[in-house]
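# A closer look at the structure
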Amino acid sequence: LFRRWRGKLPTKCVNNGETMILTNKHNLPEVLANFARAKRYDRGDASFSITQLINSPRIVAYEKRYAEQIEQDLSDLMFSLLGNAVHAVLDSYSDQNNVISEQRLFCHVNGFRISGQIDRQVLVPGGRIIEDWKVTSAWAVMSEKIEWEHQLNAYAFLVRSTMSEGDVQGLKINAIIRDFSRRQAEKVPGYPAAPVHQVDVPLWTFEQQRDYIHARLAAHAQALMDEPPVCTPEERWEKAPMVAIQKVGAKRAWKLVPTMEEAEPLLKAGMEAVLRPGESVRCLNYCKVRKFCDFGKSLGESDAESDQ
């Protein structure tokens, strides 16, 4: 498979929408558009970046295939731009002798060149701790996102494959919580205690990291050779069907439960139980290649509203 696919990248191999059409439907300040254009991600001379490897093979393949047709509105990039701004500011102050900041590493694996840019490597006795900054939500911190585990262990694989001085001793996410609520912190179990929260990420063995990288390369290579498989439920951020307990005719739920059986004892006068079908949240709201995807086009428009 690797021998068949090597050298068959599209002639224009665009990473993360480098040639995408940037729109500004809400007439946001031009300085934001300028920043968005200046901060396009560059994976260097590599077949895949770590960001791509941990992503859905269908999304990455379609981003390459339809690079010059992809449109993205400036308003949809705001959280990404906020993250870029935070990185730029913090990087300017990362001059400690024991910190390596914003280092890009390259590694050859099965004929492919992969790359990843690591936010911070804190040098400690015997090796280093890999850290990554995230501007994210409190929910993401509380849910222990598997994508963070994949990303940081892929970085650790790069370090272990290219560095001779010391091993990786730990992985951490430095989360800046954009929707932090002091009230929620006081009453919700597991809610972050402060607007900045450090998350320890499980560190895999080198063999586990290597096997993961090999599997991801195989999946992405196959997706570029053939019609990519539909994204998995996890990649689509699939939301399970739920039953909403709400006032008759209302749209906002008082409570969500998994089944009608659980809903019935909770019903009071003037309330009803309404089945809400599951939905592919990423496809409906966040996928920039949806209009090229048969599965994405088959979905109805999202009418989901915040329920909690």
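Residues numbered from 1 in each chain as written. Predicted model: local features only at pLDDT ≥ 70, side-chain atom pairs only at ≥ 80, totals over all residues. Heavy atoms only, no water.

On to the state of the cysteines, then. By definition, a disulfide links the sulfur atoms of two cysteine residues through a covalent bond. What the rule picks out here adds up to zero disulfides. Looking at Cys283, it has no disulfide partner, and the nearest cysteine sulfur is the one in Cys287, 6.1 Å off. (Disulfide = S-S within 2.5 Å.)

Attention now goes to the side chain of Ser137. Relative to the elements of secondary structure, Ser137 occurs in the loop between strand 6 (127-136) and helix 6 (138-143). Classification of Ser137 by relative accessible area gives buried; the value is 14%. Only 3.1 Å separates the side chain of Ser137 from the backbone nitrogen of Ala140, close enough to count as a polar contact. (Helix = DSSP H or I, 4+ residues; strand = E, 2+ residues; numbered from the N terminus. Buried < 20%, exposed > 50% of the residue type's maximum accessible area, 1.4 Å probe, protein only. Polar contact = N/O pair within 3.5 Å; in protein donor to acceptor, adjacent residues only side chain to side chain.)

A few words on the pairing of strand 5 (residues 112-124). Inspection of the sheet shows strand 2 (residues 48-49) paired to strand 5 by two bridges, in the parallel sense. Across the sheet, residue Ser49 finds its bridge partner in strand 5, namely Ser115. Taken together, the 10 bridges between strand 4 (residues 99-109) and strand 5 define a ladder with antiparallel strand orientation. The residue of strand 5 that forms the bridge with Cys107 is Ile114. In textbook terms, the turn of a hairpin is the stretch between consecutive antiparallel strands, and for strand 4 and strand 5 this stretch comprises two residues, one of which, Asn110, has a positive phi near 50 degrees. Of the strand pairs in this sheet, strand 5 and strand 6 are connected by five bridges, and their pairing is antiparallel. Each residue of the ladder has a partner; that of Arg120, found in strand 6, is Glu131. Between strand 5 and strand 6, which follow one another and run antiparallel, lie two residues, and Gly126 among them has a positive phi close to 90 degrees. (Pairing = 2+ DSSP bridges.)

This part covers the pattern of salt bridges. For the structure shown, the criterion picks out 12 salt bridges. One salt bridge in this structure joins Glu227 and Arg65, with 3.4 Å as the shortest N-O distance. Of this pair, Glu227 sits in the loop between helix 9 (206-225) and strand 9 (238-239) while Arg65 is found in helix 4 (residues 57-65), placing the two residues 162 residues apart along the sequence. The salt bridge partner of Asp200 is Lys172, with a shortest N-O separation of 2.4 Å. Highlighted residues: Asp200 in strand 8 (residues 196-201) and Lys172 in strand 7 (residues 167-177), separated in sequence by 28 residues. (Salt bridge = Lys/Arg side-chain N within 4 Å of Asp/Glu carboxyl O.)

Glancing now at the nonpolar core. Across soluble globular proteins, you tend to see nonpolar side chains buried next to one another. One finds Ile50, Ile114, Ile130, Ile213 and Leu217 to be the most contacted residues of the largest nonpolar core, which totals 36 residues. Taken together, the elements giving at least two residues each to this core come down to helix 3 (50-53), strand 4, strand 5, helix 6, helix 7 (146-162), strand 7, strand 8 and helix 9. Of the residues forming this core, the biggest block, eight residues, is contributed by helix 7. In this view, Ile213 contacts Ile50, Leu53, Val109, Ile114, Ala154 and Phe157; residues no more than four positions away in its chain are not counted. (Core = buried A, V, L, I, M, F, W, Y, C linked by side-chain atoms within 4.5 Å. Contact = heavy atoms within 4.5 Å.)

Relative to the assigned elements, Arg120 resides in strand 5. Those residues in contact with Arg120, other than ones at most four positions away along the chain, are Ser94, Gln96, Val99, Ile100, Ile129, Ile130, Glu131, Trp133 and Asn174.

When pLDDT is averaged along the chain, the result is 87; 89% of the residues meet or exceed 70. Looking at the elements of the chain, mean pLDDT is at its lowest for helix 1 (residues 2-5), recorded as 42, and at its highest for helix 7, recorded as 97. (pLDDT = per-residue confidence, 0-100.)

Reading across the sheet, the three strands line up as 11-10-12 and stay open at both edges, with antiparallel pairing between neighbours. Only two strands of the sheet have a single partner each, and these edge strands are strand 11 (255-257) and strand 12 (271-276). Between one strand axis and the next, the sheet turns through 30 degrees on average, direction left out of account. Across six bridges, the pairing between strand 10 (residues 242-247) and strand 12 is antiparallel. What sits directly across from Gln246, in strand 12, is Glu272. (Axes fitted to C-alpha atoms, helices over the stretch in contact; angles between N-to-C directions.)

We now examine the packing of helix 7 against helix 9. The N-to-C vectors of helix 7 and helix 9 enclose an angle of 110 degrees; their axes lie 9 Å apart at closest approach. One element, helix 7, and the other, helix 9, form an angle in the roughly perpendicular class. Judged by residue contacts, His150, Asn153, Ala154, Ala156, Phe157, Arg160 and Ser161 of helix 7 engage Phe206, Gln209, Arg210, Tyr212 and Ile213 from helix 9. A per-class count over the contact of helix 7 with helix 9 returns six nonpolar, four polar and two charged. (Parallel < 35°, antiparallel > 145°, perpendicular 65-115°, else oblique. Nonpolar A, V, L, I, M, F, W, Y, C, P; charged D, E, K, R; others polar.)

A few words on the packing of aromatic side chains. As enumerated under the stated definition, the model contains seven aromatic pairs in all. Judged by centre distance (6.1 Å) and plane angle (45 degrees), the ring pair of Phe48 and Phe112 falls under tilted. Of this pair, Phe48 sits in strand 2 while Phe112 sits in strand 5, placing them 64 residues apart in sequence. For the pair shown, Phe48 and Phe112 are each scored as buried. With a centroid separation of 4.2 Å and an interplanar angle of 5 degrees, the aromatic rings of Tyr66 and Phe292 are classed as stacked. Of this pair, Tyr66 sits in the loop between helix 4 and strand 3 (71-73) while Phe292 is found in the loop between helix 11 (281-285) and helix 12 (294-298), placing the two residues 226 residues apart along the sequence. Each residue in the set Tyr62, Tyr66 and Phe292 is aromatic and connected to the rest through ring pairs, giving one cluster. For the cation-ring pair, Arg113 lies above Phe106, with the distance from its terminal atom to the ring centre recorded as 4.1 Å. The side chain of Arg178 reaches across the aromatic face of Phe79, ending 3.8 Å from its centre. (Phe/Tyr/Trp six-rings, centres within 6.5 Å; stacked < 30°, edge-to-face > 60°. Lys NZ or Arg CZ within 6 Å of the ring centre and 35° of its normal.)

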